[in-house]
Amino acid sequence: MSDGTVTLPWLVVRQDDNGNRYRVGRYATRAEAEKIADSLDGRGHKQLYWVERIGQNGSTVSSPGPDGLR
């Protein structure tokens, strides 16, 4: 961006076993966000993790993982 700000359009989101959703973090690239989500998934907890992209209007769009499950 021309104003010197860093854009972090990729979110990692966690959903617990009660259906509550939480933003885990924001990342500059999809690859970085997927790496974090995959590492959290690998811990064996029952929570779900996925990646979403923040659109220009502030809305989020879910991004399926390589296996199509996210």
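Above this text sits the structure in question.
The rules we used
- Residues numbered from 1 in each chain as written.
- Predicted model: local features only at pLDDT ≥ 70, side-chain atom pairs only at ≥ 80, totals over all residues.
- Heavy atoms only, no water.
- Buried < 20%, exposed > 50% of the residue type's maximum accessible area, 1.4 Å probe, protein only.
- Helix = DSSP H or I, 4+ residues; strand = E, 2+ residues; numbered from the N terminus.
- Pairing = 2+ DSSP bridges.
- Expected span 1.5 Å × (residues − 1).
- Arc of directions from axis to C-beta.
- Lys, Arg positive; Asp, Glu negative; His and termini not counted.
- Salt bridge = Lys/Arg side-chain N within 4 Å of Asp/Glu carboxyl O.
- Polar contact = N/O pair within 3.5 Å; in protein donor to acceptor, adjacent residues only side chain to side chain.
- Contact = heavy atoms within 4.5 Å.

Asker: When you look at the pairing of strand 3 (residues 48-54) in this model, what are you seeing that I'm missing?
Answerer: Looking along a regular strand, one sees side chains alternate from face to face of the sheet. Taken across its seven residues, strand 3 has five buried, putting it largely inside the fold. Two elements, strand 1 (residues 10-15) and strand 3, share six bridges in a ladder whose sense is antiparallel. The residue bridging V13 from the neighbouring strand is W50, located in strand 3.

Asker: Explain helix 1 (residues 30-41) to me, please; I cannot follow it from the model alone.
Answerer: Note on helix geometry: an α-helix contains 3.6 residues per turn, so any two residues three or four positions apart are oriented the same way. With 12 residues, helix 1 should reach 16 Å at 1.5 Å per residue; the first-to-last C-alpha distance of 16 Å fits that figure. Listed as buried for helix 1 are A33, E34, A37 and L40. Down the axis of helix 1, the buried side of the element spans an arc of 130°, and every buried residue falls inside it. Away from the buried face of helix 1 by more than 90 degrees, exposed residues A31 and K35 are located.

Asker: Quick question: what am I supposed to make of the side chain of D16 here?
Answerer: Counting through the fold element by element, D16 comes out in the loop between strand 1 and strand 2 (21-27). Here D16 sits buried without a salt bridge, and the closest side chain of opposite charge, R14, lies 4.6 Å off (N-O distance). Looking at D16, its side chain comes within polar contact range of the main-chain nitrogen of N18, at 2.9 Å. D16 has contacts with Y22 and Q47, leaving out every residue within four places of it along the chain.

Asker: Is there a simple way to think about the side chain of Q15 in this case?
Answerer: On the secondary structure map, Q15 appears in strand 1. Within the structure, Q15 has its side chain in polar contact with the side chain of R21 (distance 2.9 Å). Other than its neighbours up to four places away in sequence, Q15 contacts N20, R21, Q47, L48 and W50.

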